[in-house]
Structures are given as C-alpha cells and as structure tokens.
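# Descriptive analysis of the structure
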Amino acid sequence: MSNSRQFKVAVVGATGAVGEVMLSILHERGFPASEVIALASARSAGSKVKFGNHDIVVRDLATFDPSDIDIALFSAGGSVSKEYAPKFAAAGAVVIDNSSAFRNDDHVPLVVSEVNPEAARERPHGIIANPNCSTMQLMVALKPLHDAARIERINIATYQSVSGTGQKALEELGRQTANLLAFREAEPEVYPVQIAFNVIPHGGDFMDNGYTTEEMKLVWETRKILADDTILVNATVVRVPVFYGHSEAVTIETRDKLTAVRARELLEAAPGIEVVDEARGGGYPTPVTHASGKDPVYVGRIREDLSHPRGLNLWVVADNIRKGAALNAVQIAEVLVADGLPAKAAHG
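Everything numeric here is computed off the predicted structure, so don't read it as measured data.

## What to know about the pattern of salt bridges
On inspection of all chains with the given rule, the structure shows 21 salt bridges. Taking the shortest distance from any N to any O, the salt bridge between Arg175 and Glu189 comes out at 3.8 Å. Pair noted here: Arg175 is in helix α4 (residues 167-181) and Glu189 is in the loop between α4 and α5 (213-226), with a separation of 14 residues, a long-range link. Its relative accessible area of 35% is what places Arg175 among the partly exposed residues.

## Some remarks on the pairing of strand β2 (residues 33-40)
Here six bridges tie strand β1 (residues 7-12) to β2, and the two strands are oriented parallel to one another. Among the inter-strand pairings, Val11 is bridged to a residue of β2, identified as Ala38. With helix α1 (residues 17-28) bridging β1 and its parallel neighbour β2, the resulting β-α-β unit is right-handed. Two elements, β2 and strand β5 (residues 59-60), share two bridges in a ladder whose sense is parallel. The residue bridging Leu39 from the neighbouring strand is Arg59, located in β5.

## So, the packing of helix α3 (residues 133-149) against α5
The N-to-C vectors of α3 and α5 enclose an angle of 45°; their axes lie 10 Å apart at closest approach. As far as their axial angle goes, α5 and α3 are oblique. Seen along the crossing, α3 lies across α5 with a hand that is right-handed. Within the contact between the two elements, α3 uses Ser134, Thr135, Leu138, Met139, Lys143 and His146 and α5 uses Lys217, Leu218, Glu221, Thr222, Ile225 and Leu226. A breakdown of the residues in the contact of α3 with α5 according to their chemical character gives five nonpolar, four polar and three charged.

## Side note on the sheet that holds strand β8 (residues 127-129)
With respect to topology, six strands assemble into an open sheet ordered β5-β2-β1-β6-β7-β8, the strand pairing being parallel. Two strands in the sheet have a free side with no partner beyond their single neighbour: β5 and β8. The pairing of β1 with strand β6 (residues 71-74) spans four bridges and is parallel. Bridge pairing links Ala10 to Ala72 in β6. Set on the sheet, α1 makes contact with β1, β2 and β6; between it and β1 the angle comes to about 155°.

## Quick word on α3
With 17 residues, α3 ought to run about 24 Å at 1.5 Å a step, and its terminal C-alpha atoms sit 25 Å apart, in line with that. Its maximal kink placed at Leu142, α3 deviates by approximately 40°, while the proline Pro144 follows within four residues. Most of α3 sits out of view: 14 of its 17 residues are buried. Residue Asn132 occupies the N-cap position of α3, its side-chain oxygen lying 3.0 Å from the main-chain nitrogen of Ser134. Of the residues flanking the end of α3, it is Arg150, one or two places downstream, whose phi is positive at about 60°.

## A few points about helix α6 (residues 260-269)
Along α6, the residues that are buried comprise Ala260, Ala263, Leu266 and Leu267. In an axial view of α6, the angular spread of the buried residues amounts to 125°, which keeps them on one side of the axis. The exposed set on the far side of α6, more than 90 degrees from its buried face, consists of Val261, Glu268 and Ala269. Tucked into the core, α6 has its buried residues touching α3, β12 (273-275), β13 (297-304) and β14 (311-318).

## Topic: the sheet that holds β12
Spatially, the six strands line up as an open sheet ordered β10-β9-β11-β14-β13-β12, and their pairing is mixed. Here the strands that pair on one side only, and so sit at the sheet edges, are β10 (232-239) and β12. Direction aside, neighbouring strands of the sheet carry axes that sit 20° apart on average. Sheet topology places strand β11 (residues 246-254) next to β14; eight bridges connect them, and they run antiparallel.

The rules behind the values
- Residues numbered from 1 in each chain as written.
- Predicted model: local features only at pLDDT ≥ 70, side-chain atom pairs only at ≥ 80, totals over all residues.
- Heavy atoms only, no water.
- Salt bridge = Lys/Arg side-chain N within 4 Å of Asp/Glu carboxyl O.
- Helix = DSSP H or I, 4+ residues; strand = E, 2+ residues; numbered from the N terminus.
- Buried < 20%, exposed > 50% of the residue type's maximum accessible area, 1.4 Å probe, protein only.
- Pairing = 2+ DSSP bridges.
- Right-handed = clockwise from strand over helix to strand, strands pointing away.
- Axes fitted to C-alpha atoms, helices over the stretch in contact; angles between N-to-C directions.
- Parallel < 35°, antiparallel > 145°, perpendicular 65-115°, else oblique.
- Left-handed = near helix turned anticlockwise from the far one by under 90°.
- Contact = heavy atoms within 4.5 Å.
- Nonpolar A, V, L, I, M, F, W, Y, C, P; charged D, E, K, R; others polar.
- Expected span 1.5 Å × (residues − 1).
- Bend = angle between axes of the 7 residues up to and from the residue.
- Polar contact = N/O pair within 3.5 Å; in protein donor to acceptor, adjacent residues only side chain to side chain.
- Arc of directions from axis to C-beta.

Listed below in structure tokens is the structure:
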C-alpha cells in the first residue's frame, strides 16, 4: 500500500513463527514503515531476523523504549502481552495483540479486518485484539451469510494443525512420524497422547462445563465479533497431524432460508474468500493443496442441511499462522492507516 506518511512499527515476538510471518507480510504488502523494529526476549537479543532482503537485529523487549513507536504488533504470548502491551499503549503506540490476553476485555475491540474493521476505531486502552485463529477464519466465512440471513446457531468441529500449538508441537509431529516409520516408539511430550497418525479431541484446558477453553473461545469470540450475544455456538476442537492449516466442518442455522446457490454467490463476492466447491474428487479446499502459505480463507462443500429447513453446511480452510494470526494483524494496521492514524512527528 502507498501512503505519504511513514510509521515506526515494532514486532514483538519477532523470532517466533507468527512474528516471522508478520515481518514477511509487512514487507510483501509494502506497509508504509519508516522503520521496523524486531523485539523478543533477552535470550534472542542480538540474533537476526529477515525483513525482505535485509537482516534486522533483534532487540531486547525488556529494555526497549517504546516512546516513538506508532504501531506495535504483538505475538509473544499472553503473559508478555499483559506486561508490555499497556506500556506500549501508554507511550502512544497502537497495539495489535495476537494473544488471548485482551480478547474478552469489553474495552478492547476484537477485530477481523474483513468483518468488523470499524471496531478498531474505538480503542480506549490503545489496544486491539486479534481473535483466535479458528474464530478468525470462521468469521470471514460466516459474515456475508450472517448479513444476508442472520445466523441463529453454529455447530462446528475444527481440525486444527499442530502449528497452532507452537514450534515444539511441529517438531513433535515430525519426530513421531519419523520414529513410527522406522518402527520406533512415538513418545508424546507436547500433547497428552501421540499426535502422529492420530486425532486428538482436545484443545486448551478442560472447563467445568465439559468443554475446553479452545472450544469456548469460538463461542465468546464469535458473539463479540458479530456483536450478537444471541448466536448459539456449539464447538468441538480436534487436533490433527497436519503441520499448517486449520479446517472446520461448519453447520449453520439461519433465521431466513439461504440456499446453497445463494450462499455460494455471497461467498464468491466477499473479501478474503476463495470458493473451491466442485462435486468431484479434489474439488474442495484442503490445508496442503490450498491454504498453507496463502492469504485467503477457502470455502467448499457448500450444501443445504438435509436435517434442517434453514440449515447450511460448509467446509472452511485457512493457514492458521498467516490469515489466522499474522496477516490479520497487518490488515488491521492498514485499516488504521487508511482511517488517518497520525504518524509521530519524528518520522512522519
């Protein structure tokens, strides 16, 4: 994007999987940055990360002065965000946080760029939250359908890749797969049971109601983003042996009848979505063949629910690290710039 103003941008958690992709996307999309600062913990300080064709030296977050930062993209975990995001915001930066630290705060907007960008304008604490990656792709897919027919109930089963758990989970899947193919034992460390060649119906911590925190995030965040507490959401989170890309089997019930043909038309016209929906082998999106490393949310298997007169089924796939985290943060920053966020005079 082109803009005469230039903004000083900090990426907090720059050495992590999401932070690295944030840096890549800032460069790819030509974000109007006068400087991009890479921040991480003291143990990573002094190392280098890529920004386009250049290397950036990582600085220590704990000793960094945020006073001249315009926009700070945080992806360093909830505890880091709780400690440092308010400090950056108090210094005048707009913080876009990828952790769960502020998502349920009534005074912090929870924003998906294609769904409710206007919410980013009201940020009394100077902080904007990114939703959970599973909620993110779901909201992109459901927003045009909700606007057209008002969704009353969502039933969703997720098939979430191990990258959502972090680098150690990626290594565990690779290690277990190699061990099993060599007829060796696959010892679980990150997950409670073997993930290779397996599926685990468990994400987050179990709650008193029998659901997990990952499942309840889909409930809470959907209602907040769509600004409708009456929407009923029933979720089951499943971890699958896929490296990158979350998939979701979604059934919605709408107030007004929405045919599969009309739903397909709405989705094809919506921003951030690619429809891959042919009734043939391979005529549907998957994490490997479509989503991994790509920006869009892919939707397929669009069909009317045989068991409900106003029901509709969808299959939703996206790269959980890219659209599910890094890309949306950068897109929110672009919304701020388009809305006239002033750059500080020192680098305006």
